[in-house]
Amino acid sequence: MEKETKLRHTALPAIALRGLTVFPNVLIHFDVGRDASIKALEEAMSTGQPVFLVAQRDASVDRPGMEDLYSIGTISNVRQLLRMPGDNVRVMVEGVSRGRIVSLTKRAPYLEAEIQEIREEESTRTSPKTEALIRSTYEVFQRYTELAPKISPDLIINVLASDDPGYISDYIAQNISMRPADKQSILEELRPVRRLERMYRMLCREVEVLALDLEIQSRAREQMSDNQRDYYLREQMKAIQNELGEGDSDMEISEYRKKIAQTKLPDEVREKLEKELTRLTKQSFGSSEASVLRNYLDICLELPWEKKTKERINVEAARKALDRDHFGLQKVKERILEFLAVKQLSPELKGQVICLVGPPGVGKTSIAMSVAGAMNRKLARISLGGVSDEADIRGHRKTYVGAMPGRIIAAVNQAGSGNPLLLLDEIDKLGRDHRGDPASALLEVLDGEQNASFRDHFLELPFDLSDVLFITTANTTETIPRPLLDRMEVIELPSYTDEEKLQIAKRHLLPKEMKRHGLSKGQLKISDDAVREIIAAYTRESGVRVLERRLAGICRKTAMKLVSSDITCVKLSAKDLKEFLGVPRYHPEREALKERVGVVNGLAWTSVGGELLEVEVNVVPGTGKVELTGNLGDVMKESAHAALSYIRSRASQLGIEGEFYKNSDLHVHFPEGAVPKDGPSAGVAITTAMVSALTGSPVRPGIAMTGEVTLRGRVLAIGGLREKTMAAKRCGIKTVIIPSENEKDLEDIDQTVRASLQFILADQVDQVLAHALPAVRPAESREVSALEANSQAMPYRESRNTTAALRQ
């Protein structure tokens, strides 16, 4: 008895609950996060006493006082305490009885309150009225479980298993969704029957609300068609976007109208955009058509329809810019400056397209960039290599998913000007397949008479490209379609000579690489002989890209030496290159300067410059067969047969046995058999090698030759003379025999090469044989020095097989 009296009025740890009410005789678990509540639970667990759970009136109060708590709560036993990740604790409690707060005795470190226990009235028998109330509650609760989602069947069983009105009301209130204030009113009702009556009324209201909710949902589902459903979802989306500040479509439409009004547009374009904007106003916000129209309007309004940069045409400024950025290429620079001079005198001149053709690495792209800077035009580069879809040029229709303008319009948009310089890079590498021919699409773009109203498939509006300056680049013109090539003015960029490469390396490449690798001028010094050796022994190219990589390798080695040792400066000479760049990759033809029988030095043109190409002929007893080896093309094979026919027709004059073609086999071989070779310019070399082998006469040392031969012994003009003569000088050749028709091309040869070589002009094979084979009967010929070779005629280029990797 003394223990019970003490329990009814005692101090207990208290926990203030937010949004939760605990009832007696019910087992429940919940999470506890506040430090004061956790310490109260720990105190209850350590002392083995109950804890008082009471709901807060205002859940937002973090440190509640007496006035913030309801007066009646539940005295509960702590069954389990579980630490959760973080600072939270999950506790399981069992309600014992109701209790009333008398006063708060402690607020720190946890709440402690003086609690007066409230004993439950014990009913000895159930009256008919109470029995009727319990049955009605059973029925309403069953109805509630049918309408409410996620109600466990165990709840119904536990309710039906009891006939205590107080427990039934407490158990139902604990396990259904109700407002906290309603649950608290159930807890504060101390009379069991009255409590069940209140619970019954609340259950009836909840059932009525649930029934109405289901009825509304059912009616809405029946009436909602697909379009209505879309509208409902759009309205919800619009409401969400309005809350986020993103859904004001009227503001968006007004912004578009403002942009159209403020942007300088042609009348046709303005009319089209206003029409599309009107269509946008009639579309629902989230529709796919609205997205397409927004994208279309955004791109059209970004284009520089009437925006142009002020062009600066100054020939002298352009000359300085070209000379500053590029060494050599004098004829190319003069041609570009002539173009600028015409623009300066006639600013309205339109429709000129320049095509820069040359081997890789000679500066085609960088020249275009220099021109753009000199003219004060914005530059946009379009890489056409591998493009095989016409839509890449003209764009896709805007109705396609992800449609965008073609590369031309995209480049103009990128430049941000209506008169940019568009660099069409690698135009010779355009492809074509079932999706169309992009080269044909470029015909309109590069035609000055048509591109004033270029229509991109995406825009569906005419865009003026007549003020755009187009510069294209290519490695060869042979793969460019003729109609497209006809629209361009071709400027050929030749290969660099060794002296030009030396100056480019000293003035541009080496300073650039030293700065890039953090080296000062005093930390690395490379002699001219070392640079010449790098060009001759470590590179084999027309341009200077590989040379730049070799210089970068030297800079890396130098940086390593400076960091890992005490040296402060690296001086590099030709003999030190092996340490920095390894074993030389290319070696000069030493055998070319020796006197040999049946071996002649020919000259070949390749995509990376000129080459010295030997022709070897062996004569063996046989039946008159002619064997041609060395991976030769059809044109070169025909040249060999033509040479043999000429020799047969002149056998007696050349001192050759008349029946040699019956008693001997000829084997003509070109070394480096893995490299394809073709072209007609090896004719004189083949003829001379055959005559040398048949007569046993050695070929004069230090001589090389090039020229096409006919059946009558005439020597015809060839192409690539500039590159071929540079190869001859590089290999130590002193005399070069060329066709007389190529005398005019000597003007294009580098001055250093012209001064170091003796050129012999020949009209007939007899003249070639007279100089190359002293033992053979001489014919008339004429020697020409570098000072005499001053013809101003344009160079002539031979026809080349596009499939050949090496051409003679």
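See the structure shown above.
Residues numbered from 1 in each chain as written. Predicted model: local features only at pLDDT ≥ 70, side-chain atom pairs only at ≥ 80, totals over all residues. Heavy atoms only, no water.

**Q** What is the right way to look at the pattern of salt bridges in this model?
**A** A side chain of one charge can pair with a side chain of the opposite charge when the charged atoms of the two come close. Counted by the stated rule, this structure contains 40 salt bridges. The shortest N-O distance in the salt bridge between Asp170 and Arg195 comes to 3.3 Å. Linking Asp170 in helix H5 (residues 165-175) with Arg195 in helix H7 (residues 192-223), this pair joins segments that are 25 residues apart in sequence. Here Asp170 matches Arg195 in class, with each residue buried. Here Glu276 ties to Lys272 by a salt bridge, and the two come within 3.2 Å at their closest N and O atoms. (Salt bridge = Lys/Arg side-chain N within 4 Å of Asp/Glu carboxyl O. Helix = DSSP H or I, 4+ residues; strand = E, 2+ residues; numbered from the N terminus. Buried < 20%, exposed > 50% of the residue type's maximum accessible area, 1.4 Å probe, protein only.)

**Q** So what exactly am I meant to see when it comes to the side chain of Asp182 here?
**A** Note on placement: Asp182 falls in helix H6 (residues 180-188). A relative accessible area of 11% means that Asp182 is categorised as buried. Setting aside residues up to four positions removed in sequence, Asp182 forms contacts with Met202 and Arg205. (Contact = heavy atoms within 4.5 Å.)

**Q** What should I look at first to understand the pairing of strand S2 (residues 27-32) in this one?
**A** It is a general feature of regular strands that their side chains alternate between the two faces of the sheet. Because side chains alternate across S2, one face comprises the buried residues Ile28, Phe30 and Val32, and the other comprises Leu27, His29 and Asp31, none of which is buried. Here S2 runs beside strand S5 (residues 89-106); their pairing, made up of 6 bridges, is antiparallel. Following the sheet pairing, Ile28 is matched in S5 by Val93. (Pairing = 2+ DSSP bridges.)

**Q** Any chance you could explain the packing of aromatic side chains here in plain terms?
**A** Two aromatic rings, taken as a pair, are described by how far apart their centres are and by the angle between their planes. Counting across every chain of the model gives 5 aromatic pairs. Aromatic pair Tyr296 and Phe458: ring centres 5.8 Å apart, planes at 50°, arrangement tilted. On the criterion of sequence distance, the pair formed by Tyr296 in helix H11 (residues 288-302) and Phe458 in the loop between strand S10 (454-455) and strand S11 (462-463) is long-range, its members being 162 residues apart. An identical accessibility class is assigned to Tyr296 and Phe458; each is buried. For the cation-ring pair, Lys398 lies above Tyr296, with the distance from its terminal atom to the ring centre recorded as 4.8 Å. (Phe/Tyr/Trp six-rings, centres within 6.5 Å; stacked < 30°, edge-to-face > 60°. Lys NZ or Arg CZ within 6 Å of the ring centre and 35° of its normal.)

**Q** Could you clarify how one ought to interpret the packing of helix H23 (residues 634-649) against helix H25 (residues 683-695) in this entry?
**A** Two numbers describe a pair of packed helices, the interaxial angle and the distance between the axes. At a closest axis distance of 9 Å, the pairing of H23 and H25 adopts a crossing angle of 45°. Taken as axis vectors, H23 and H25 run oblique relative to one another. Between H23 and H25 lies a crossing of right-handed hand. For the pair H23 and H25, the contacting residues are Met636, Ser639, Ala640, Ala643, Leu644, Tyr646 and Ile647 in the first and Gly683, Ile686, Thr687, Met690, Val691 and Leu694 in the second. (Axes fitted to C-alpha atoms, helices over the stretch in contact; angles between N-to-C directions. Parallel < 35°, antiparallel > 145°, perpendicular 65-115°, else oblique. Left-handed = near helix turned anticlockwise from the far one by under 90°.)

**Q** I would appreciate a short explanation of helix H19 (residues 498-516) in the present structure.
**A** Count 3.6 residues to each turn of an α-helix, and residues three or four apart come out pointing the same way. Taken as a whole, H19 carries its principal kink of about 50° at Ala505. Where H19 is buried, its residues contact strand S14 (524-526), helix H20 (528-537), helix H21 (545-564) and helix H26 (721-730). (Bend = angle between axes of the 7 residues up to and from the residue.)

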